[in-house]
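# Structural features, examined
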2 protein chains.
Amino acid sequence: MEKLIMVMAFVGSVLALLFALATAFKVLKFPEGTDRMKKISASIRKGANAYLGRQYRIVSVFFIVMFAILGAMAWAKLLTPFVPFAFLTGGFFSGLSGFIGMKVATAANARTANGCQESLDRGLRAAFSAGSVMGFTVVGLGLLDIAIWFSLLKFVFKLAPADITSAMLTFGMGASSMALFARVGGGIFTKAADVGADLVGKVEVGIPEDDPRNPAVIADNVGDNVGDVAGMGADLYESYVGSIISASALGVSAAAAIGVSDALKFMALPMLIASIGVICSIVGTFLVHTKEGASQKQLLSALSRGTNFAAVVIALVSWPLVSRILGAEHWKVYFAILGGLVSGVLIGQSTEYFTSASYKPTKDLAATSETGTATIIIGGLSVGMLSTLVPILIVAVCVMLAYCVSGGQTQPAMGLYGIALAAVGMLSTLGITLATDAYGPVADNAGGIAEMAGLDASVRERTDALDSLGNTTAATGKGFAIGSAALTALALMASYIDKVNALPGGAEKLSNLAINNPTVLIGLFIGACLPFVFAALTMKSVGRAAQSVVQEVRRQFREIKGLMNFEAEADYARCVDLCTRSSLREMVLPTVVAIIVPIVVGLILGPTGVVGMLAGATASGFLMAVFMSNSGGAWDNAKKYIESGKFGGKGSDNHKAAVVGDTVGDPFKDTSGPSINILIKLLSMVSIVFAALVVKVGLL
Amino acid sequence: MEKLIMVMAFVGSVLALLFALATAFKVLKFPEGTDRMKKISASIRKGANAYLGRQYRIVSVFFIVMFAILGAMAWAKLLTPFVPFAFLTGGFFSGLSGFIGMKVATAANARTANGCQESLDRGLRAAFSAGSVMGFTVVGLGLLDIAIWFSLLKFVFKLAPADITSAMLTFGMGASSMALFARVGGGIFTKAADVGADLVGKVEVGIPEDDPRNPAVIADNVGDNVGDVAGMGADLYESYVGSIISASALGVSAAAAIGVSDALKFMALPMLIASIGVICSIVGTFLVHTKEGASQKQLLSALSRGTNFAAVVIALVSWPLVSRILGAEHWKVYFAILGGLVSGVLIGQSTEYFTSASYKPTKDLAATSETGTATIIIGGLSVGMLSTLVPILIVAVCVMLAYCVSGGQTQPAMGLYGIALAAVGMLSTLGITLATDAYGPVADNAGGIAEMAGLDASVRERTDALDSLGNTTAATGKGFAIGSAALTALALMASYIDKVNALPGGAEKLSNLAINNPTVLIGLFIGACLPFVFAALTMKSVGRAAQSVVQEVRRQFREIKGLMNFEAEADYARCVDLCTRSSLREMVLPTVVAIIVPIVVGLILGPTGVVGMLAGATASGFLMAVFMSNSGGAWDNAKKYIESGKFGGKGSDNHKAAVVGDTVGDPFKDTSGPSINILIKLLSMVSIVFAALVVKVGLL
């Protein structure tokens, strides 16, 4: 059976990659438009390439150091010798996902703008195809990496299931580390450029967004690609892989706990569900098209048609598969997968309710601009904080359901396996949800190019329609990312406990996991603090980087004669270079913190402290991620709502207040918020990888 | 022995109350100044009285309903018959603490302004005396309530120690409920008025703070009294009483666990330490005086002389007492008390570092105003988030230390008793720390009166010196409030576990407190979410109330002819009335949420879910309280730093940006942040009081 599943996994991954390749060629067939458009697109591409090149150079130093450390630990028999290599491949594939996504996105931006000159549908096709390349690259590479390692360890090295999952969790750590670098670095770049461009251009000088006179305008567009595309690609690769391998790991323990001899079945189920998800997603993409003059609603329904189709087919197909693979007595585990799938959608809807201008919260937020900047800031912060309630209840119900249907009351290990499978279910449609999500930045860039190249206003209207839709799909995408992060983090916490219990002397050290045990409690406090500190560090970084951009942009407006009346051109490259340098400098500290803290906590407070830390970080990280993402989303859309002519419209004092809100929201929703999702998983993976060290030399 | 301690407690409380009374007479002997000053002071007094009168009417409805519910539960034998009455007295005394504090503060404001006409020392004496009345009223009433109930239950009704502490925890719940109403209602009032006055007056119209032309100026001053004085009084009454009774309750369990027959000694120790603290604090107040032309530093050292004296003497005296009372084998428990005392000071210093313009974080924050409003908002949020790290480490070390020195490794119950005693140690100097804290709003009001009455500029300078000092002492005060809240909440969580274990069938329901038990985890998630939701609700309330004030103030500037050139007077009363109505309307929901949630969680998830919820709420509540208070403090002082002439000074664009930051910080530091301290304790107390119901009829 497991060979068949591995074949399925290879088939799924290869299909996904072939589909991505074919779609990439389709994108390249779209014409790029006028020379001016080509030139702009080329500068964006150049900036993005330069950034990624430098980022990878810095990150590779980190990977070499970690490889050496893990190698030394393997040499000291604290890890299996596969671990250092698994770590590298995870990092490599995660980076590659982002790189390919960025390549195709920077190729598609001018093509989308050009497509919009022709028709809305053509624009949508160009942008959505680019998104699809990214979506299917992520899932294809993810499955491929898992399938290769699994086959290697199982069929070549003939390791036992527990050793296989243990090595595989390490490439999760590699993927998470890379993802964190990409998200934080890209997030700082994009927001520093965005804040810099907006604050001086829109607020101080009063020129429109994406105006070619703004020196930071190219940097802003580069940022969309390195942050929202490359960063997101690495991030979701990490989520996808993390959910599958943590479920596999817990499958091994579940099988052991209920006395099933063939653990491989339990281990392989998550991969099978993922493979089916890939195939359904590919079919789903063919359903996404629209006709000219389509309304927002019709555009949205074009996109949802694809994702809904994929979700429904996965739900139908997994039903018989679960009982087939796990045995008829475990057929209820199916509901854990279904619960995950549904919860992802529900969290997405809650996100949409709190952040879309179609609903009360964001409309009310726009109204607070009547009384100035301070009230819209207070209002946005409280919308975000309030919006944590519904997602947390959804996750709570999902966890409880997944645990109980899988038989957790009598067999806790089965219950935990169910929770991990819920995360796999939630991410099973990632291929297509990511496609609908990643197309947003492409449309955004296309709008920028249309503006800078001086295309007809109707083109900008079309790109705006696509972009604004992108905000809604991004909200749904965030729902999946955040929800799956919480479930996966809980699953990884369970894997950590398993791992420590399996180590010599580990079980004894973990004997008192009660929440009123002081080491657990203190771990909980410290863990809960980490997302706050992490958010602070990343925001400070954005602030510092943005300040330098603001000063540079102001300088150029002041010193370059004739810039305002189009007689001279701004020095775009300097802004790009400035953003690159500052974001790369700022990217290192937060990631290093995320890696060192779990080790230090483990060495001082022992494994019980680590478990407390993981629980605290997961709870507070989930809340902070939802809070920050939703505050940011609500400010963004409140601003757009005002720009649509409400409360005085563009240029009014209300609009100025809303722009400040949006600017504060930028690092919230695109730097700190999404990074926290990665943080909480990275903490667990680091804890797992260093568990043997902690148990051996730790104080408690 | 325990009779002697009770006598000490009565002596301590009566001394505190007599000292407060004498000091109140001293305050009244100061002359009130000119007719204009008397008139302004009278309007403030009138507004504050009217507000409190209406607040108490609304709150009394709540207390009657709760009395009926608790009465019904007592009738159903789920509670002892003393519980409903204890609940009422807790609420009554908490309210009374706030009321007396407010009375004397409104009597002292004009007197302080008048004193400052004469000399700085005279102004300090008037303001500090008013603060002392409040400080000693709080501790006096707190000790009195505890002593009366203890004597009644022990010597009249002859209850067993466990039943005594159980009933006494209920008056903690009464006190916390009242405190939450007072903090939330007063906090909304003061910030709505403040935001309204600042936004229109300072930013839009461009008149100075406290300018008599501003229609919201009286409301702003009333707000200082009902929020910063009456709210804080009720709040700290609750903290003080909560720490003592939770320590007493855990003393009973600790005595039982180590097989000491005379539990009363363990129970009485916290009261004894509190009594000693009162006496040392009284002596300390006599050390507070200054000479004319004293610098900020000298003023601060005048205040610290008093508090440091009190702290050192308490530390010296408790040493022999601990071994005397608990027995020589438990002498190390002393270090728990000392650890609490020191931790409070350290948290205060960390708060000062992050929020005072003498240090880097706030100076850097002021510099972010160079690039506009958005960057100062981002900067302030990140300062606040980053500032959570040090206090959480201090609390972690304090908890670990208190647990270990008390012998927690072998006797967990003793360890928990140690944690509770650390909170008592931290609050033992409350009489004098509160005096130095509560004098701030009086000085603030005095400055307002000086401005409105058109006194000489030198007077305003003196009141400003006093006020600015108040910001520093307030930071220290907040350190004690937040630190003690976390420790007390942990102690109350332990009391809850004891309580449930003692109920029939309770121990079984609590058997799996492991943090990876799903009910515990889900409880943790929900609990961690509560401070976010609570902060959102209170901020939204401030936002709504402030919006109505802004509109009213704008209307008056627009419609009252001659207001700007002093020919007509603003309609102050209307603003006061508006603030009163909106804050009272908004005060109800957050408090009701805090009471209903623990009951619902208990009924659905069972006692393990409640424990998870309490741990989650304590961790995330502590973080949110520190974050919000410190962000607010840093913005406030960054603004003051700019006003002192840095970065363009008053009226510059930088200053305008800083004013927006300060305005956002207002509800952070004076409404949401401090309310969360009360919330986390109220959640535990409600859980304890309703434990019998939950165990009896809950699902799990």
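Scope of this entry: the structure provided in the associated data block. Every value quoted in this text rests on a predicted model; they were computed, and no experiment measured them.

Residue and element names in this part refer to chain B. Where nonpolar side chains cluster on the molecular surface, the patch consists of V7, V11, L15, I279, V283, L287 and F309 and spans about 490 Å² of accessible area. Those elements giving two or more residues to the nonpolar patch turn out to be α1 (2-29) and α7 (263-285). It is α1 that contributes the most residues to the nonpolar patch, three residues altogether. You can see I279 is positioned in helix α7.

All names here are of chain A. With phi around 55°, K158 is a residue other than glycine that occupies positive phi space. With respect to the helices and strands, K158 occurs in the loop between α4 (120-156) and α5 (161-205). Here K158 falls in the exposed class, since its relative accessible area comes to 64%.

Here helix α2 (residues 35-75) of chain B spans 58 Å end to end across 41 residues, near enough to the 60 Å set by a 1.5 Å rise per residue. Just past α2(B), the residue B:K77 takes up positive phi, approximately 65°.

Screw-axis analysis of chain A against chain B gives a translation of 0.0 Å along the axis, an RMSD of 0.0 Å, and a rotation angle of 180°. Accordingly, the operation relating the two chain copies is best matched by a two-fold axis. Relative to the rotation axis, the closest C-alpha in chain A is found at A:A514, a distance of 2.0 Å.

Of note, A:S119 is situated in the loop between α3 (83-118) and α4. Reaching out from A:S119, the side chain makes a polar contact with the backbone nitrogen of A:R122 at a distance of 3.1 Å.

So, about the interface of chain A and chain B. Facing 66 residues of chain A, the contacting portion of chain B comprises 66 residues. For chain A, the biggest contributors to the area lost against chain B are A:I515, A:F525 and A:F532; these three give 13% of the whole. At the boundary of chain A and chain B, one finds zero salt bridges. In this assembly, chain A and chain B are joined by four residue pairs in polar contact (both at pLDDT 80 or more). Where the side of chain A that touches chain B is concerned, the elements lending two or more residues are α10 (360-368), α11 (373-386), α12 (389-405), α15 (457-502), α17 (518-559), α18 (572-643) and α19 (653-689) of chain A. Looking at side-chain class alone, the side of chain A that touches chain B contains 51 nonpolar, twelve polar and three charged residues.

Turning next to the packing of helix α6 (residues 217-257) of chain B against helix α14 (residues 430-452) of chain B. All names here are of chain B. The interhelical angle for the contact between α6 and α14, taken along N-to-C directions, is 175°, at an axis separation of 10 Å. In terms of orientation, α6 lies roughly antiparallel with respect to α14. Contacts from V217, I218, N221, D224, N225, D228, V229, M232, L236 and Y240 in α6 reach L430, L434, D437, A438, P441, D444, N445, G448 and M452 in α14. Tallied by class, residues from the contact of α6 with α14 come to eleven nonpolar, four polar and four charged.

What counts, and where the lines are drawn
- Residues numbered from 1 in each chain as written.
- Chains lettered and ligands numbered in written order.
- Predicted model: local features only at pLDDT ≥ 70, side-chain atom pairs only at ≥ 80, totals over all residues.
- Heavy atoms only, no water.
- Patch = residues over 30% accessible without salt bridge, like charges linked within 9 Å, V, L, I, M, F, W, Y side chains within 5 Å.
- Areas by Shrake-Rupley, 256 points an atom, 1.4 Å probe, with all protein chains shown as cover.
- Salt bridge = Lys/Arg side-chain N within 4 Å of Asp/Glu carboxyl O.
- Helix = DSSP H or I, 4+ residues; strand = E, 2+ residues; numbered from the N terminus.
- Buried < 20%, exposed > 50% of the residue type's maximum accessible area, 1.4 Å probe, protein only.
- Expected span 1.5 Å × (residues − 1).
- Least-squares fit on C-alpha atoms with pLDDT ≥ 70 in both.
- Polar contact = N/O pair within 3.5 Å; in protein donor to acceptor, adjacent residues only side chain to side chain.
- Contact = heavy atoms within 4.5 Å.
- Buried area = accessible area lost by both parts, 1.4 Å probe.
- Nonpolar A, V, L, I, M, F, W, Y, C, P; charged D, E, K, R; others polar.
- Axes fitted to C-alpha atoms, helices over the stretch in contact; angles between N-to-C directions.
- Parallel < 35°, antiparallel > 145°, perpendicular 65-115°, else oblique.

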